[in-house]
Amino acid sequence: MTKSITLAAILLSLAALALSGTATAGDSPQHKHSGKHDHSDNHDKPGHQHAAEQADQHSDEHSDEHSDQHNEIHIELSSRMQQLNNITTEIAGARTLVQNTALFGVIRAIPTAQYQIRAPYAGTLQQILVQQGDSVSKGQLLARLSNAATLKPYAIHAPADGVVAERYFNNHELIRDEILLSIVDYSKVYVELSAFPNDINRLQPGMPLTVLSLHHGQSANSNISYIAPQMTEGHIARARAVLDNQSGYWRPGMHIKALVQSAEIPVALAVKKQAVQRLDGKQVIFVRDGNVFTATMPEFGREDDEYIEVVSGLPPGSEYASDNSFVLKADALKSGASHAH
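What counts as what
- Residues numbered from 1 in each chain as written.
- Predicted model: local features only at pLDDT ≥ 70, side-chain atom pairs only at ≥ 80, totals over all residues.
- Heavy atoms only, no water.
- Helix = DSSP H or I, 4+ residues; strand = E, 2+ residues; numbered from the N terminus.
- Salt bridge = Lys/Arg side-chain N within 4 Å of Asp/Glu carboxyl O.
- Buried < 20%, exposed > 50% of the residue type's maximum accessible area, 1.4 Å probe, protein only.
- Pairing = 2+ DSSP bridges.

Draft legend 1. View of unusual backbone geometry. Backbone geometry places L151, a non-glycine residue, at a positive phi of 65 degrees. Here L151 is to be found in the loop between strand 7 (141–147) and strand 8 (153–157). Backbone geometry places N324, a non-glycine residue, at a positive phi of 60 degrees. With respect to the helices and strands, the residue N324 is situated in the loop between strand 22 (319–323) and helix 6 (326–333).

Draft legend 2. Structural context of the pattern of salt bridges. One pass over the full model with this rule turns up nine salt bridges. Close ionic contact of E319 with R288 constitutes a salt bridge, the shortest N to O distance being 3.4 Å. Here E319 is found in strand 22, whereas its partner R288 is found in strand 18 (residues 282–289), with 31 residues between them in sequence. What makes E319 partly exposed here is its relative accessible area of 26%. If you follow the salt bridges from partner to partner, you end up with E90, K272 and D323 in one network.

Draft legend 3. Here's a closer look at the sheet that holds strand 11 (residues 179–184). The strand order across the open sheet formed by four strands is 4-11-9-6, and the pairing between neighbours is antiparallel. At either margin of the open sheet sits one strand with a lone partner, and together these are strand 4 (114–118) and strand 6 (135–136). In this structure, strand 6 lies alongside strand 9 (residues 162–167), joined through two bridges in antiparallel fashion. Note that in strand 9 the partner of V136 across the bridge is G162.

Here it is as structure tokens:
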């Protein structure tokens, strides 16, 4: 009896051990598929690594884009404030850039417009009727004389319109083969220009130019009429223009500056140079949309005295602040300027 009970106990123990082993074997696969363990294994696989890199790259691009948007400056200004600050706008479009070559020179009398008045016969100057500086007209009586050989009186008349530049004799003086008066017609004058070798290659006869006074700010337009074929000993080439001087403003000996239109360059897009401002070391213009001006950074190219070419970064037809844009720059530098996010 005792042996039977002992054997039964042993058999029950063995059955319990068998059931425990079966349960343990069933738990092991479920643990391998746990989320944490599988996620760690999947990150070691190439496909999942590439997906993670793409996610990081997208995150960086989004961050850069957000940063660029954050740095974009917008200024809101009412129409009344724009008027009070004299902010005007233009439409960006095609333009022909006019490039100038600056030359310096002097006003000269035209040699063929200078007249030396001589007495045709030796005699006595009975009466001289003009003074130095007087304006005379062609045919006007200048002086009366008597012929020393015949004692007959005769007269001298002005050969052309002009100004008495010099008077050499007074009444009752004896005249021989000498100059009595000098008359110059200043209605047209020469503009004698000096050009260095690097300038002369850009010049051609017929090119338009603007002559500027160095003293009073007056200006006049003309064209190059002559370019000397040889250089001076100082390696200077001479160029010349004829200037209308009916007003008498351009006096011989006056020093001037001339801007010669030496090139015309058509460009697809240009803006005023005075519209360009510098912010954070970059050139910007302020593009208008309603009452909002946005600081835009185009790429610029060639330029003339007034306009500069836009190579990229600005759509044609954009309205931009062309005058007094420095007011917008000042506002942008204030802490109150709003930034896009």
